[in-house]
Each structure stands twice: as C-alpha cells, then as structure tokens.
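One letter stands for each residue in the lines below.
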Amino acid sequence: MILVIAADIGYNHDSVADERGTMLGNGDVYMELKNFEGILERVPEMPRPMRVILAGSDGENMLRGIFAAQEKGLAQPVLVGDRARTITVLERFGLEREPYTMVDVPPGHNITQAAIDIVNSGDGDVLMRGNIPTRDFLMPVLDKSNHLRTERLMSHVSLASLPEYPKLLAMSDMTIIIKPNMTQKKEIIRNMADALQAFGYEKPKFALLSLVEKVTFHMQDTVEAQRLVAEQKQRPFADCELWGPIAYDLILSKEACRLKNYECPYSGGGFDGIVAPDLSTANVLVKSWLIHAHAVTCGAVVGARVPIALTSRSANEEETYLSLVFCAVLDAWRKRTHREPHAI
C-alpha cells in the first residue's frame, strides 16, 4: 500500500480483496495506485469545474496543463499576468479560442498578489503557480495578511512515478520549509499523510531519509528521526507509520538491505513516501528523478486555506495537469471529511 495514483483503483462491494487490494473497514476493496494512469478516477463528481487562478499566465506548459484540465471538465482557467505575452503563448499552441478569463496585470504590479486577491474575493478555488520565480510566488502566499495561512503549517508534497518503483512515491518538503525543526517535521508528515489519505490510503508508510541508517549524535537528522519514530509509536501525531533513520538505497532496494544486513519490511517498494531532512535534499532528489530517471511528478501545497498547485517552472504539460488533479482530489477529500483548515 503505497502512494501510487493509478488506473487500476476501484471499490468492489461484492469481491474479496486479492494481492492488489486492501479490504477497507466499510467492506469495500481499495486497489493500490500504481502510476498516474487513470488518476481522474480518484476525482469525485464536481458540481462545477474548479476556478483555477494561474499567477504568471505566460508560462507555456502551465497554460497547456490548465487547458488540458479544462478539457477534462476539471478547471475553469483564470489567467493572471501580462496579457500580450499570454496571448502570444496561447496563439503559439492554438489555444486562443478556448474559453478563459484574462486578468491583465500592468508592469510593476505584483502578479501573485493580484491572483491571491481574486481567490480572497471568492472568485477562485485553486491557486496555481505559473511563470513566477518560487520566492516571488511564495512570499505573498505566506504573508499572513493574505489569509491563505491556517492553523496548519504549509508544506509541499510531490508525487512521483519512478520507472523502477512499483507505485507512486511521495516526497516532502522540496519547496517551502528550508531546514525544518522537529515541530515542523511533524507537520510535514501530517500534511503528507493527509495528501495520501485523500487518495484512499490508510496508514501510509513513510521513510525518514538520512545519510545513514544508524543514529549518530553528530548528525542531528538521525537523532530527530529516531525521536519522531518513538513519539509516533507512543503518542501518534499523524495517521501513518514511520521508519527511520534510513539511507536512500535502503528505502528503494531490497538487495541493498541484503548486502548491508539491514532488515526493513518496507524496503524495495513498501514505502509510500519519503520525508527529507531538509529542502535542498528533497529538491535535488526530485529533480534528479526527473532528469536522470525520467520520472513523472506533480505537486501541491498542503495546509493552505485553498489548494495550491505548485510545480517547477520547467515542468511539462502533463505534470502541471496532474498537479491540478492532485488539488481536485485533495480539495474534495477535505470537504467530504470536514478537514478544511481555517485561516488565521
């Protein structure tokens, strides 16, 4: 049971769970998600498409992704940015005749702030990062006066489909929390658990990544990993299982475990997510997956008042589209379970 968003998911009231599924408490069978195929099956029927506010609307792959989501009935594009540059990109890809709303932001004005103002006016359901540097996008998002912050810590959750891994794998945090302390790591874990539960997971299994698998007192992240595992067992702070500290090769490879005489029941395909010790580690690792392993990823900010689709500006059309699907599933789950965080 791991984070995999896939085509062969489903619920069956009449059959018995087999090796691909897990019997849920209500008698349904939950099928594991193996990849991003069929991810739309996880999106419940919506009364209307999400109004997606794209901040920095001249990013070509962000535009193509949002219109792909519109074609599937998921999104209603609201494009915020430089009108002339946006129209040029739309014409390049033959999208200029598709329905959308354009909000032209004059030079020198803050595009992200203009997008947030639309969300706060009640005219937007999802905020999406477009062709805006990460810092310029996140600074207004994290500004308390914009009321996107809640009682929960905001953190970024990535989902990745790796060719050599049997299902999707979550990673956090690669975008917001630079060097999380113990309290922040708990919130990062809670947010990632929420994200996977939105896709139907019960008790997802997370690896607390470190350079080594043994607690070493001059390596603070190994000490914190040990403490987090112990606390989760004694006084659970998230609906998940934790294992760590654990090195990267031991997370992914049973053969590495055999050679190192390391015993872990989840190695080689059993983990649903990886909690990185810091932002740099997570960011470099995910980008390495993309470039060297030809992975497919998507990402969203969890813990904000509204879902926020956030991928790299170099992300392709598929990844930006999948990030909007991620937001749709997360938003529907929060409303269904009454877990919508409250603004502060």
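Up top is the structure.
Residues numbered from 1 in each chain as written. Predicted model: local features only at pLDDT ≥ 70, side-chain atom pairs only at ≥ 80, totals over all residues. Heavy atoms only, no water.

Here's the deal with the state of the cysteines
- Inspection of the entire model under this criterion finds zero disulfides.
- In this model C240 remains outside any disulfide bridge; the closest cysteine sulfur is found in C264, 14 Å from its own.
- C264 supplies the cysteine sulfur nearest to C257, a cysteine that is in no disulfide, at a spacing of 6.0 Å.
- Since its relative accessible area comes to 6%, C257 is described here as buried. (Disulfide = S-S within 2.5 Å. Buried < 20%, exposed > 50% of the residue type's maximum accessible area, 1.4 Å probe, protein only.)

Some details on the pattern of salt bridges
- The full count for this structure, using the stated rule, is 15 salt bridges.
- For the salt bridge of K203 with D239, the shortest nitrogen-to-oxygen distance reads 3.3 Å. Taken as a pair, K203 in the loop between α5 (182-198) and β9 (205-209) and D239 in the loop between α6 (220-234) and β10 (241-246) lie far apart in primary sequence, 36 residues in all.
- Judged by relative accessible area, which is 39%, K203 ranks as partly exposed.
- K260 is paired through a salt bridge with D249; the nearest N and O atoms lie 2.8 Å apart. Taken as a pair, K260 in helix α8 (residues 254-260) and D249 in helix α7 (residues 248-252) lie far apart in primary sequence, 11 residues in all.
- Judged by its relative accessible area of 40%, K260 is partly exposed.
- Through salt bridges that share partners, R152, E187, R190 and D194 make up one connected network. (Salt bridge = Lys/Arg side-chain N within 4 Å of Asp/Glu carboxyl O. Helix = DSSP H or I, 4+ residues; strand = E, 2+ residues; numbered from the N terminus.)

Focus on the side chain of Q232
- Locating Q232 in the fold gives a position in helix α6.
- Here the side chain of Q232 touches C240 through a polar contact of 2.9 Å, landing on its backbone oxygen.
- Look past the residues within four positions of Q232 in its chain and what remains in contact with it is F237, A238, C240 and L242. (Polar contact = N/O pair within 3.5 Å; in protein donor to acceptor, adjacent residues only side chain to side chain. Contact = heavy atoms within 4.5 Å.)

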